[in-house]
2 protein chains.
Amino acid sequence: MATIHDVAKIANVSVTTVSRVLNNRGYISEATRAKVYKTMEELNYQPNEIARSLLRKQSNVIGLIIPNVSHPFFSELTNYVENYAYEQGFKMLLCNSQMDPVKEKDYIEMLKRNRVDGIIMGSHTLQVEEYKSLSSPIVTIDRQISSDIPYISSDNYAGGKLAAEMLIHKGCTKIAHICGNLGLRMLSNRRTDAFQAVMSDKGVESIIIQTDMNVFDQEQYELIMQRLLEEHPDIDGIFATSDIIAGYAVKACTAAGRRIPDDVKIIGYDDVNAARWMMPEITTIKQPIKQIGQMAFDLIMKQMNAEPFEVDNILPVSLIERATT
Amino acid sequence: MATIHDVAKIANVSVTTVSRVLNNRGYISEATRAKVYKTMEELNYQPNEIARSLLRKQSNVIGLIIPNVSHPFFSELTNYVENYAYEQGFKMLLCNSQMDPVKEKDYIEMLKRNRVDGIIMGSHTLQVEEYKSLSSPIVTIDRQISSDIPYISSDNYAGGKLAAEMLIHKGCTKIAHICGNLGLRMLSNRRTDAFQAVMSDKGVESIIIQTDMNVFDQEQYELIMQRLLEEHPDIDGIFATSDIIAGYAVKACTAAGRRIPDDVKIIGYDDVNAARWMMPEITTIKQPIKQIGQMAFDLIMKQMNAEPFEVDNILPVSLIERATT
DNA sequence: TGTTATATGTCAATCGTTTGACATGTCAAT
DNA sequence: ATTGACATGTCAAACGATTGACATATAACA
């Protein structure tokens, strides 16, 4: 790889001059500028960003830690974050924690060693203290860590309420709610809070089932849904905490000979693209994924530039009614 | 952020000594080692990988360029690549080209500026010459660029053949094939070659429709499928070049009142997780995505270490029969 | 007593780039 | 003839870490 010295030598100018055209500072004649550019072209020169980062103490890289990109919610989020970061001249290191605390910790340290300008945390298997050592800008998605670390989430309580009320409104009398691991301190647990509140408020019978949200473990979902329907054949409403789970619910109900939405009404969460690939299309609570991604990046930027920022960022959700309710 | 100098000063040893414990070289007493580690802990010191990369001329970063992580095939591939890279101590910069040649070119240059140790190209909107300037290790997925750049693909011809023959075997007499943009020089076009060969060989009527493979443009797929069924109501077999398109085919057929698999048999491609979220589950040609991801990374490593490697890497596919045929 | 393994230190160069300070021109306008 | 804008050069320090060469010191062993 050619260096700035090679360019200088070939173009017959000083390194300083090359640096000046590269960074557009000081006086440079058009002739020299052209000559330097031509030489860079010839040598296929690309300035070494590693050296620049070292000097500038800024890498223009952010890290994104999520459980797994294969989950539609995270793959869409990742896409938005990356795109938005790219527009602002930043790159993104992707880290799949696979919900493994050791790996998650390891990733955080790796990102620090690589001096990323900020970390977006979408995976939360660690204890709060573990984050304290993080000096770099950080923003969490769907988890509130401390009063000075900004977080973004959609309005989970409202979402849970919306879902629960819609099922009741549609006439459901026994509703199951499939959620993630409530032991993890995630804000998505508030969906469950809202669900329970509505159920007890309206006096509707309900069942809550926790899962570990591992999309890969397809069998887990199949089993859970199957058992649910066996143990509670009279269920007529299901509120799943993701569209994918809702999809499994649809399949299990159909397999059990129950019609959707006539016998059982199902509502998912997220409104990922996949919700429309399924048949029937999944009714769902839409999270503004694009906005979450952009806001996450913006909050990193604001911290980097020491601009003021909001710590609590709760985005609105909306009900998208499709064919499963 | 603390530097190695800070650690040395606080621990009351020389910088060289700290470096020695860090890199495990030379003689170090247990006492000193412990003292240094303790100090690093206290200062929350993480060695600056940027400085290391600069000196070592190796970043331990690879770049992955794909059209869009939101597409299940790529999100699964990304997950495998990242995981495998992580196991070997590498990080991954993710780049979504969005099928934009300008962006793709820009990404390649960005990755070069950042001195990544290798690039895995899964997006192919550029002309062959554009890749010639790439001095770093590179491997392409599903596209053959030149005789010295290794590529990986699954056996597309065999996959197309398998799909076509299975539909005919199941009694289809008029088969539509929905493929990607054949203008792009991708190896997946060989599926279409195989399809056509089988069709003409067996004398079965067929229709070929190109799409631009943009998963986000849901309406495009809906429209295409709808028009296809209107113009050719007698179609009884569909071979889609992805499971997602197959999903849309299922929906359109059902909407048109055609039963699956009785009236129309549908086969997809890839065998992504989503193929099993759909109902009925999609019959498909399985690509070994995990293996593709690992091999891509391995080929980068081999080039890096100047080890011998295979240029042509064609992985086997298999037919997974589910409910749509 | 001398030899050797162990332990640590000093020093300087290196990776590729940026930047400030300063010097030395040329050329045109006053 | 003087001034000032423009153009380019030289030089050195800095970013944070690694590494080889070399010096020095202690402890153990023969």
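By convention here, each chain's residues receive numbers from 1 onward along its written sequence. As they are written, the chains are lettered A onward and the ligands numbered 1 onward, keeping that order. Owing to the predicted nature of the model, reporting of local features is limited to residues with pLDDT of at least 70; listing and counting of side-chain atom pairs is limited to 80 or more, with chain, interface and lining totals taken over all residues. Neither water nor hydrogens contribute to the side-chain values; these are computed over all heavy atoms in the structure.

### Structural notes on the relation of the copies chain B and chain A
As a reminder, the rule being used: Alignment of copies: least-squares fit on C-alpha atoms of residues with pLDDT of at least 70 in both copies.
It takes a turn of 180° to lay chain B on chain A, together with a shift of 0.0 Å along the axis; the resulting RMSD is 0.0 Å. Given the turn and translation reported, the copies of this chain are related as if by a two-fold rotation axis.

### Observations concerning the sheet that holds strand 12 (residues 318–320) of chain A
Residues and elements named next belong to chain A. Definition in use: When DSSP finds two or more bridges between a pair of strands, those strands are recorded as paired. In DSSP terms, a helix is any run of H or I states spanning at least four residues, a strand is any run of E spanning at least two, and both are numbered starting from the N terminus. Lines are fitted to the C-alpha atoms to define the axes, a helix being fitted only along its stretch in contact, and any angle between axes, read from their N-to-C directions, falls within 0 to 180 degrees.
Taken together, the six strands give an open sheet; going across it, the order is 7-6-8-9-10-12, and neighbouring strands pair in mixed fashion. The outermost strands of the open sheet, each flanked by one partner alone, are strand 7 (205–210) and strand 12. Shown here is a sheet whose adjacent strand axes are inclined to one another by a mean of 20°, direction ignored. Direction of pairing for strand 8 (residues 237–240) relative to strand 9 (residues 265–270): parallel, over a ladder of three bridges. Each bridged residue has a counterpart across the sheet, and for Ile238 the counterpart in strand 9 is Ile266.

### Re the interface of chain B and chain A
Here is the rule: Working rule for contacts: check all heavy atoms of both residues, and any pair within 4.5 Å makes them a contact. Accessible area, probed at 1.4 Å, shrinks when two parts are joined; the buried area is that loss added up over both. A side-chain nitrogen of Lys or Arg and a carboxyl oxygen of Asp or Glu constitute a salt bridge if their distance falls within 4 Å. N or O atoms closer than or at 3.5 Å make up a polar contact, with two conditions inside protein: a donor-capable atom paired with an acceptor-capable one, and, for residues adjacent in sequence, both atoms drawn from side chains. Each residue is assigned to one class: nonpolar for Ala, Val, Leu, Ile, Met, Phe, Trp, Tyr, Cys and Pro, charged for Asp, Glu, Lys and Arg, and polar for all the others, Gly among them.
Facing 58 residues of chain B, the contacting portion of chain A comprises 58 residues. Taken over both partners, the interface formed by chain B and chain A buries close to 5500 Å², and the fraction arising from carbon and sulfur atoms is 56%. Three residues, B:Arg115, B:Trp277 and B:Met279, lead the burial of chain B against chain A; their summed loss comes to 16% of the area buried on that side. Where chain B touches chain A, the interface holds four salt bridges. Its salt-bridge partner being B:Arg113, residue A:Glu49 comes within 4.0 Å of it at the nearest N-O pair. Counting across the interface, chain B meets chain A through 28 residue pairs in polar contact (both at pLDDT 80 or more). Sorting the residues of the side of chain B that touches chain A by element identifies helix 4 (49–56), helix 5 (72–87), strand 2 (91–96), helix 6 (101–113), helix 10 (218–231) and helix 11 (243–255) of chain B as the ones contributing at least two each. Considering every element that reaches the side of chain B that touches chain A, the biggest residue donor is helix 5 of chain B, with eight residues. Taken together, the residues that form the side of chain B that touches chain A break down as 25 nonpolar, 19 polar and 14 charged.

### Side note on the nonpolar core
Selection rule: Among buried residues, those of type Ala, Val, Leu, Ile, Met, Phe, Trp, Tyr and Cys that are joined through side-chain atoms within 4.5 Å constitute a nonpolar core. With a 1.4 Å probe rolled over the protein chains alone, any residue whose accessible area is under 20% of its type maximum counts as buried; one over 50% counts as exposed, and the rest are partly exposed.
A:Ile238 and B:Ile238 are the most contacted members of the largest nonpolar core, which has 110 residues in total. With near-sequence residues (within four places) excluded, A:Ile238 lies in contact with A:Leu167, A:Ile175, A:Ala176, A:Ile178, A:Met225, A:Ala249, A:Cys253, A:Val264, A:Lys265, A:Ile266 and A:Ile267.

### Things to note about the protein's contact with DNA strand D
Just so we agree on the cut-off: In these notes, residues near a molecule or strand are those with any non-hydrogen atom within 4 Å of it.
Neighbouring DNA strand D are 27 residues; A:Thr17, A:Thr32, A:Lys57, B:Ile4 and B:Tyr45 lie closest to it. Close to the protein, within 4 Å, the atoms of DNA strand D are drawn from sugar and phosphate at a rate of 65%. Within the side chain of A:Lys57, one N or O atom sits 2.3 Å away from a phosphate oxygen of DNA strand D. Contacts to DNA strand D include B:Arg25, whose side-chain N or O atom sits 3.4 Å from a phosphate oxygen. Elements represented by at least two residues in the surface near DNA strand D include exactly helix 2 (15–23) and helix 4 (49–56) of chain A together with helix 2 (15–23) and helix 4 of chain B. In terms of residue count, the dominant contributor to the surface near DNA strand D is helix 2 of chain B (five residues). In terms of residue class, the surface near DNA strand D is made up of twelve nonpolar, eleven polar and four charged.

### What to know about the environment of B:Asn68
All names here are of chain B. Turning to its location among the elements, Asn68 is positioned in the loop between strand 1 (61–66) and helix 5. For the pair Asn68 and Gln98, spaced 30 residues apart in the sequence, the C-alpha separation amounts to 5.7 Å. For Asn68, the side chain forms a polar contact with the side chain of Gln98, separated by 2.9 Å.

### A short note on the protein's contact with DNA strand C
As a structural note, the neighbourhood of DNA strand C is formed by 28 residues, with A:Ile4, A:Tyr45, B:Thr17, B:Thr32 and B:Lys57 the closest of them. Sugar and phosphate atoms form 65% of the subset of DNA strand C atoms that lie within 4 Å of the protein. A:Asn23 is positioned with one of its side-chain polar atoms (N or O) 3.2 Å from a phosphate oxygen of DNA strand C. Between A:Arg25 and DNA strand C, the recorded distance is 3.4 Å, taken from a side-chain N or O atom to a phosphate oxygen. The greatest single-element share of the surface near DNA strand C, amounting to five residues, is contributed by helix 2 of chain A. Partitioned by chemical class, the residues of the surface near DNA strand C number twelve nonpolar, twelve polar and four charged.

### Digging into the sheet that holds strand 6 (residues 174–179) of chain B
All names here are of chain B. Strand order in the open sheet formed by six strands is 7-6-8-9-10-12, with mixed pairing between adjacent strands. Every other strand in the sheet has two partners, leaving strand 7 (205–210) and strand 12 (318–320) as the edge strands with one partner each. The average undirected angle you get between the axes of adjacent strands in this sheet is 20°. Packing of helix 9 (residues 189–202) onto the sheet brings it into contact with strand 6, strand 7, strand 8 (237–240) and strand 9 (265–270), and relative to strand 7 it is tilted by some 165°.

### Concerning unusual backbone geometry
Negative phi is the rule for most residues except glycine; trans is the rule for most peptide bonds. Cis geometry is found at the peptide bond from A:Met279 to A:Pro280, where omega equals -5°. You can see A:Pro280 is positioned in the loop between strand 9 and strand 10 (283–286). Phi at A:Asp142 takes a positive value of approximately 70°, unusual for a residue other than glycine. Relative to the assigned elements, A:Asp142 resides in the loop between strand 4 (138–141) and strand 5 (151–154). A:Asp142 gets classed as buried once you look at its relative accessible area, which sits at 8%. Look at B:Asn12: it is not a glycine, yet its phi comes out positive at around 65°.

### Considering the pattern of salt bridges
Counted according to the given criterion, the structure contains 28 salt bridges over all chains. Two residues, B:Glu281 and A:Lys251, come together in a salt bridge whose shortest N-O distance is 2.3 Å. Of this pair, B:Glu281 sits in the loop between strand 9 and strand 10 (283–286) while A:Lys251 sits in helix 11 (residues 243–255), which puts the two residues in different chains. Across the pair B:Arg52 and B:Glu49 runs a salt bridge whose closest N-O atoms are separated by 3.0 Å. With B:Arg52 and B:Glu49 both in helix 4 and three residues apart, this pair spans about one turn of that helix. On the basis of relative accessible area, B:Glu49 is assigned to the buried category, the value being 10%.

### Describing the packing of helix 10 of chain B against helix 11 of chain B
In a pair of packed helices, the angle between the axes and the distance between the axes together describe the arrangement. Residues and elements named next belong to chain B. This is how it is decided: Put simply, angles under 35 degrees are roughly parallel, angles over 145 are roughly antiparallel, angles from 65 to 115 are roughly perpendicular, and the rest are oblique. Crossings are classed by handedness, with left-handed meaning an anticlockwise turn of the near helix from the far one by less than a right angle and right-handed meaning a clockwise turn.
Taken N-terminus to C-terminus, the directions of helix 10 and helix 11 make an angle of 50°; their axes are 9 Å apart at the nearest point. The angle between helix 10 and helix 11 falls in the class oblique. In terms of crossing hand, the pair formed by helix 10 and helix 11 is right-handed. Residue-level inspection shows Gln218, Tyr221, Glu222, Met225 and Leu229 of helix 10 in contact with helix 11, the latter providing Ile245, Tyr248, Ala249, Lys251, Ala252 and Cys253. For the contact of helix 10 with helix 11, the per-class residue count stands at eight nonpolar, one polar and two charged.

### Structural notes on helix 1 (residues 4–11) of chain A
Residue and element names in this part refer to chain A. Put simply, the rule is: The arc in question is the one traced by the directions running from the helix axis out to the C-beta atoms.
What helix 1 keeps buried is the set Ile4, Val7, Ala8 and Ala11. All buried residues of helix 1 lie within an arc of 100° about the axis, which places them on one face of the element. Relative to its buried face, helix 1 has exposed residues pointing more than 90 degrees away, namely His5, Lys9 and Ile10. In this structure, the buried residues of helix 1 make contact with helix 2 and helix 3 (30–43). At the N-terminal end of helix 1, a side-chain oxygen is found 3.1 Å from the backbone nitrogen of His5, two or three residues along, and the residue is Thr3. Phi for Asn12, located one or two positions after helix 1, is positive at around 65°.

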